[in-house]
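Spelled out from the first residue to the last, the chains are:
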2 protein chains.
Amino acid sequence: MDYIFSNKISSLKPSAIREILKVTSDPSFIPFAAGNPAPEAFPTEDIRAMTDKILRENPVNALQYGVTEGYPPLREAVREFIKDKYSLGNENDSLIITSGAQQVMDLATKALCNEGDTVICESPSFIGSLNCFRSYSARLAGVRVENDGMDFEMLEQTLKTAENARFIYTIPNFQNPSGVTMSLEKRKKVYELALKYGVLIVEDNPYGDLRVSGVDIPSIKSFDTENIVIYAGSFSKILSPGLRVGFALAPSEIIAKMVVCKQTSDVHTPLLNQMLVYEWLKNYAIEKHLDYLRGIYKRKLDLMCEGLDSSLSGFLDYQKPEGGLFIWCSLPENAGVMDYCKKAAERKVAMVPGSAFLTDANEADNHIRLNFSTPTDENIVKGINILKDLKL
Amino acid sequence: MDYIFSNKISSLKPSAIREILKVTSDPSFIPFAAGNPAPEAFPTEDIRAMTDKILRENPVNALQYGVTEGYPPLREAVREFIKDKYSLGNENDSLIITSGAQQVMDLATKALCNEGDTVICESPSFIGSLNCFRSYSARLAGVRVENDGMDFEMLEQTLKTAENARFIYTIPNFQNPSGVTMSLEKRKKVYELALKYGVLIVEDNPYGDLRVSGVDIPSIKSFDTENIVIYAGSFSKILSPGLRVGFALAPSEIIAKMVVCKQTSDVHTPLLNQMLVYEWLKNYAIEKHLDYLRGIYKRKLDLMCEGLDSSLSGFLDYQKPEGGLFIWCSLPENAGVMDYCKKAAERKVAMVPGSAFLTDANEADNHIRLNFSTPTDENIVKGINILKDLKL
């Protein structure tokens, strides 16, 4: 039989990153392509102890069906955590536990977008989110990212002309892949513009706790008095991505629709995983753990930047990010990014060409994204030396 | 702001079952409405030991990102398991690990259906699947369920007239909610018809291992020489639903599209959960556990049927199922099913009215679905006595 696939999916390619991840599960590759936490970042002993406690004290609850909204004590603990720490959430908001923050994009897009509606995105942006929007046949309208966030004039122009714009998707902290952090001034302007044009904002903040220099900037959601922001949070980068636990905080009416979508998608996020995150939030010295993570990532970021500066300056150019997991490097216009990535792969260094992150994948681009969280210190040095060899 | 929701979702109501589940998380309710495994069905001590082993021996793997297709050793173990036990899978098939079998419906529908395409379903059928199809704006074409499965003539008529029929959705073993098992003859006929009309089959088999009488009947997938069957399997009813681990076995070309959909949905099913199922498949006396489960469910089924026979015969009518979790009871035409369910709820007995399971929810129906796996033996007796009081 010749299979007939849906229009929305037949044009969609497998994520370049995930395909590369598959190749680079070969441990002989130097993993500058992935976005994995450092292996030493996982509190493995504590997770084992907490899991053991849950399965001793409350096994049936951990193994039985649960409600779609999420494990009620976890929902409450997350609300408290983000209220205390980031002033997020008001009485009009609800919170749903999701299977990673990726599912926030899936549920929000399904609930909000008809085919052909527009999602306004930073360009470049996270390929997993872009592909999610594409998978519902949303049109992507890309807005250039400047050193302090979205190009404000281009955003307004896009809002004026886009057909049925449903939301603005932004990663304001240490954006993936650009590493850019949006200034407070721009956050406020983006919020005002969204309000002016009657468009929602999806604020994706997986890296916010991984700041290694500079000072924290309030989330857009923290000044959401008009209830237009869907905030996506994640435990992937601060606890474990393999557990697949994230959440959305958003106006209750929107969360209610996302719950309906989740019922038909995976029913609920696994209970054991939710209870584990709950234990961690309630009984664990989280700030100490975050300090530990920031220590690891500051060291790795500094190490990679030193290598880039000493071995590749004049060839690669970059703005050092204040946190997150990625360095976004520009190559000379004539350098041939795809060839450079291919040659690197032949020498067993994996990295992602910038065009993968553009809203229009056919646009020319002269960037590569380097991840510094996954490789060992030794491999950071080794990988940069290989890139140095290849630059000519 | 007045929120605008997508057309596909704005008409969709929250699942009646999941809403009822929320009410009945109140432990004072007698839970005839849910579809939960019996609490004593979970091998809690073994799960704790296996989890401990995984988190001692391989913690980083369990906590790190994984590939979308699933944990490779689990994929292989599941393929072996279903090949050995049910003769499922040929060289044209691939297997994807999903976040419960519900996600198989989500991914298959997204990959295969444009808005307005038709999904042919048994009517009544599992509400979670029906709502999933609806959530992609698929049209549902219901085919009546007879005592030995789908009404064959109505199926052929539907195949002849349906616009862009994409697949036939069936639960051949102990169907939810009707309890009906499709005969081998009908399975073969359904397969032939699907082939004749160029339509795929989605075969959902969550209850197949829970047969308590009669003999096993081969799955439709087991005679799928023409590669038209997507088989959905689950560990929810035989190990734990809270872990959210299921799988699809289907032609590789279809699985490849489902993988793309899953990348943008939840990236991958949690690794710890997948590794746990792997340990269970490889190192556990599964047949002994299944015998134990069948013992529990046979006892509960018999107990509920005895109660129905002695207290409600002449009022409620039913065909005793050979397995699964549900008894489908018809009431006298003039009994007023919704009122009966409401009165039962006032007396703290939760059950689901049959109309919830119809492809056309406005159709008249005189059934209730009773679940016998969740309540204790004591509550089965108590609940039936309450239903007896209410029958007049």
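Residues numbered from 1 in each chain as written. Chains lettered and ligands numbered in written order. Predicted model: local features only at pLDDT ≥ 70, side-chain atom pairs only at ≥ 80, totals over all residues. Heavy atoms only, no water.

A. Highlighting the packing of helix 3 (residues 44–57) of chain A against helix 11 (residues 271–283) of chain A. Residues and elements named next belong to chain A. At a minimum axis separation of 10 Å, helix 3 and helix 11 run at an interaxial angle of 115°. Here helix 3 and helix 11 pass one another in a crossing that is right-handed. Between helix 3 and helix 11, the residues in contact are Ile47, Met50, Thr51, Lys53, Ile54 and Leu55 and Leu272, Met275, Leu276, Glu279, Trp280 and Asn283, respectively. Grouping the constituent residues of the contact of helix 3 with helix 11 by class yields eight nonpolar, two polar and two charged. (Axes fitted to C-alpha atoms, helices over the stretch in contact; angles between N-to-C directions. Helix = DSSP H or I, 4+ residues; strand = E, 2+ residues; numbered from the N terminus. Left-handed = near helix turned anticlockwise from the far one by under 90°. Contact = heavy atoms within 4.5 Å. Nonpolar A, V, L, I, M, F, W, Y, C, P; charged D, E, K, R; others polar.)

B. Focus on helix 5 (residues 72–86) of chain A. Residues and elements named next belong to chain A. The terminal C-alpha atoms of helix 5 lie 21 Å apart, and with 15 residues this matches the ideal 21 Å at 1.5 Å per residue to within 8%. Along helix 5, the residues that are buried comprise Leu74, Ala77, Val78, Phe81 and Ile82. Along helix 5, the residues classed as buried sweep out an arc of 120° about the axis, all on the same side. Turned more than 90 degrees off the buried face of helix 5, the exposed positions are Glu76 and Asp84. If you follow the buried residues of helix 5, they end up packed against strand 2 (93–98), strand 9 (246–251), helix 11 and helix 12 (286–312). One or two residues past the end of helix 5 sits Ser87, with phi positive at roughly 55°. (Expected span 1.5 Å × (residues − 1). Buried < 20%, exposed > 50% of the residue type's maximum accessible area, 1.4 Å probe, protein only. Arc of directions from axis to C-beta.)

C. The arrangement of the sheet that holds strand 3 (residues 118–123) of chain B in detail. Residue and element names in this part refer to chain B. The mixed open sheet is built from eight strands, whose spatial order is 2-9-8-7-6-3-4-5. Two strands close off the open sheet at either side, each with one partner strand: strand 2 (93–98) and strand 5 (149–150). In the sheet, strand 2 pairs with strand 9 (residues 246–251) via six bridges, with the strands oriented antiparallel. By the bridge assignment, Asp93 is partnered in strand 9 with Pro251. The sheet contacts of helix 5 (residues 72–86) involve strand 2 and strand 9, and relative to strand 2 the element is tilted by about 120°. Along the sheet, helix 6 (residues 102–112) makes contact with strand 2, strand 6 (165–170), strand 7 (200–204), strand 8 (229–234) and strand 9, crossing strand 8 at roughly 155°. (Pairing = 2+ DSSP bridges.)

D. Just the packing of aromatic side chains, in detail. One pass over the full model with this rule turns up 26 aromatic pairs over all chains. Ring geometry for Phe133 of chain A against Tyr169 of chain A: centres 5.2 Å apart, planes inclined by 75°, an arrangement best described as edge-to-face. Of the two residues, Phe133 of chain A is situated in helix 7 (residues 127–135) and Tyr169 of chain A in strand 6 (residues 165–170); the sequence distance between them amounts to 36 residues. For Tyr169 of chain A, a relative accessible area of 0% translates into the label buried. Consider the rings of Phe235 of chain A and Phe247 of chain A, whose centres lie 6.0 Å apart with planes at 50°: the pair is tilted. You can see Phe235 of chain A sitting in the loop between strand 8 (229–234) and strand 9 and its partner Phe247 of chain A sitting in strand 9, a full twelve residues away along the chain. Per residue, the accessibility class of Phe235 of chain A equals that of Phe247 of chain A, and both read buried. Feature note: the residues Tyr231, Phe235, Phe247, Trp280 and Tyr284 of chain A constitute an aromatic cluster, connected by ring pairs. Its guanidinium or amino end placed over the ring of Phe152 of chain B, Lys189 of chain B lies 4.6 Å from that ring's centre, counting from NZ or CZ. Just above the ring of Phe5 of chain A sits the side chain of Lys257 of chain B; from NZ or CZ to the centre is 5.5 Å. (Phe/Tyr/Trp six-rings, centres within 6.5 Å; stacked < 30°, edge-to-face > 60°. Lys NZ or Arg CZ within 6 Å of the ring centre and 35° of its normal.)

E. Local environment of the pattern of salt bridges. All names here are of chain A. Enumeration according to the criterion identifies 60 salt bridges over all chains in this entry. Of the charged contacts in the structure, one is a salt bridge between Lys85 and Glu287, with a shortest N-O distance of 2.9 Å. In this pair, Lys85 is assigned in helix 5 and Glu287 in helix 12, connecting sequence segments 202 residues apart. For Lys85, a relative accessible area of 30% gives the class partly exposed. Residue classification places Glu287 among the partly exposed residues on the basis of a relative accessible area of 38%. Linked through salt bridges whose partners overlap, the residues forming this network are Lys85, Asp209, Glu287, Asp291 and Arg294. (Salt bridge = Lys/Arg side-chain N within 4 Å of Asp/Glu carboxyl O.)

Function cannot be inferred from these measures alone, as they are strictly geometric.
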